[in-house]
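Inside the fold
What follows is each chain in one-letter form.
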Amino acid sequence: MIHWSVLMTYAVKEIYYTLQGEGAHTGRPAVFLRFAGCNLWSGREQHRIDAICRFCDTQFVGTDGPGGGKFATAEVLAAAVAAAWPDSSEVCATTSKPYVVCTGGEPLLQLDTAAIDTLHGAGFEVAVETNGTIESPPGIDWTCVSPKANAALKLRNGDELKLVYPQTEGAAQPEKFHNLSFDHFYLQPLDDIHLEENTRSAIVYCLEHPQWKLSLQTHKMIGID
Ligand code: SF4
């Protein structure tokens, strides 16, 4: 029998080592594995106005970013992720595992069991940042769901729910999500021309609803990717 990973080709925009900038793992060193493509926007500016998700701040089209490309197997993909992590001998002496954040675009269009298993085999803790519209394969260690207005939410449990706030179109108010099964609930101010106002609104909401915590995009503040 041929292993599925032999047949799967992964399209990856970029692979790079950085600090997680948002949410519960803010400040944690991580390899970012950014898959190409999303099911809520083509990634082309001319399509943004008609997209389901219109506030995206990420380049996820193509495979031309640093470390990006088409990876023919899960093993080749995991090797590229492992190569981005520094000094593996030092890692073994720490209590923290190597950490990979699978993001996009929408990573669950491509991330499969073969890739998760192979990343585990390479010693990584596997996190996913998803829009929550696609069921996830088993084995993911940390699931962060970021719901989008006008997109039906399928993933209704996980570790972290991170809601971009406010989302003026459609029903994506925090009240819609507060009963879901997550360990952390974050509001993250929408980064548009009203960022200051959005931040103040998010602060007020968190203070009035202490189930919610504020997530800031610290990587933008300190000037890293
Ligand atoms: S769902 Fe995420 S990756 Fe897709 S367009 Fe929206 S913000 Fe961008």
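Residues numbered from 1 in each chain as written. Predicted model: local features only at pLDDT ≥ 70, side-chain atom pairs only at ≥ 80, totals over all residues. Heavy atoms only, no water.

Looking at the pairing of strand E1 (residues 10-19)
Which entries qualify depends on this criterion: Between buried and exposed lies partly exposed: a residue is buried under 20% and exposed over 50% of the maximum accessible area for its type, with that area taken using a 1.4 Å probe on protein chains only. The helix count covers DSSP runs of H or I at least four residues long, the strand count covers runs of E at least two residues long, and both are numbered beginning at the N terminus. Strand pairing is assigned whenever DSSP detects at least two bridges linking the two strands.
The element E1 is extensively covered by neighbouring structure, given that eight of its ten residues are classed as buried. Across three bridges, the pairing between E1 and strand E3 (residues 69-71) is antiparallel. Following the sheet pairing, Ala-11 is matched in E3 by Lys-70. Inspection of the sheet shows E1 paired to strand E2 (residues 29-35) by seven bridges, in the antiparallel sense. The residue bridging Thr-18 from the neighbouring strand is Ala-30, located in E2.

Some thoughts on the packing of aromatic side chains
Let me state the cut-off plainly: Only Phe, Tyr and Trp rings take part, Trp by its six-membered ring, and two of them pair if their centres are within 6.5 Å. Stacked means planes under 30 degrees apart, edge-to-face means over 60, and tilted covers everything else. Consider the ring centre and the ring normal. A charge sits over the ring if Lys NZ or Arg CZ is within 6 Å of that centre and within 35 degrees of that normal.
In the structure shown here, the tally under the stated rule is eight aromatic pairs. Taken together, a centroid distance of 5.8 Å and an interplanar angle of 50° make the contact between Tyr-165 and Tyr-205 tilted. Of this pair, Tyr-165 sits in strand E7 (residues 157-165) while Tyr-205 sits in helix H6 (residues 195-208), placing them 40 residues apart in sequence. Each ring, one from Phe-182 and one from Phe-185, has its centre 6.2 Å from the other, and the planes form 75°; the classification is edge-to-face. Three or more aromatic residues joined by ring pairs form one cluster here, namely Tyr-165, Phe-182, Phe-185, Tyr-205 and Trp-212. Residue placement shows Arg-28 over the ring face of Tyr-99; its charged tip is 3.9 Å from the ring centre.

Notes on the site of the ligand
Selection rule: In these notes, residues near a molecule or strand are those with any non-hydrogen atom within 4 Å of it. A 1.4 Å probe that fits but cannot get out identifies a cavity on a 1 Å grid over protein atoms alone, an open set with protein on both sides within 12 Å along at least five of seven lines counts as a pocket, and a residue lines either if it has an atom within 4 Å of a point. By definition, a pocket or cavity contains a molecule when more than half of the molecule's atoms lie within 2 Å of the pocket's grid points. Each residue is assigned to one of three groups, with Ala, Val, Leu, Ile, Met, Phe, Trp, Tyr, Cys and Pro labelled nonpolar, Asp, Glu, Lys and Arg labelled charged, and all others, Gly among them, labelled polar.
As a structural note, the neighbourhood of the ligand is formed by Cys-38, Leu-40, Trp-41, Cys-53, Cys-56, Phe-60, Gly-105, Asn-131 and Lys-148. Of all the cavities here, the one that holds the ligand is the largest pocket. A breakdown of the residues in the shell around the ligand according to their chemical character gives six nonpolar, two polar and one charged.

Description of helix H5 (residues 113-121)
Looking only at H5, the buried set comprises Ala-114, Ala-115, Ile-116, Thr-118 and Leu-119. Residue Gly-123 follows H5 closely and has a positive phi angle near 95°.

Digging into the nonpolar core
Burial of nonpolar side chains together is a common tendency in soluble globular proteins. Put simply, the rule is: Nine residue types can take part in a nonpolar core, namely buried Ala, Val, Leu, Ile, Met, Phe, Trp, Tyr and Cys, and a core is a set of them joined through side-chain atoms within 4.5 Å. Any two residues whose heavy atoms approach within 4.5 Å at even a single point are treated as in contact.
With 51 residues, the main nonpolar core has Tyr-10, Leu-33, Leu-77, Val-100, Cys-102, Leu-111 and Trp-212 as its most contacted residues. Residue contacts for Tyr-10: discarding those within four places in its chain leaves Phe-35, Gly-69, Lys-70, Phe-71, Thr-73, Ala-74, Leu-77, Gln-110, Asp-112, Ala-114 and Ala-115.

Any link to function would need more than the numbers given here.
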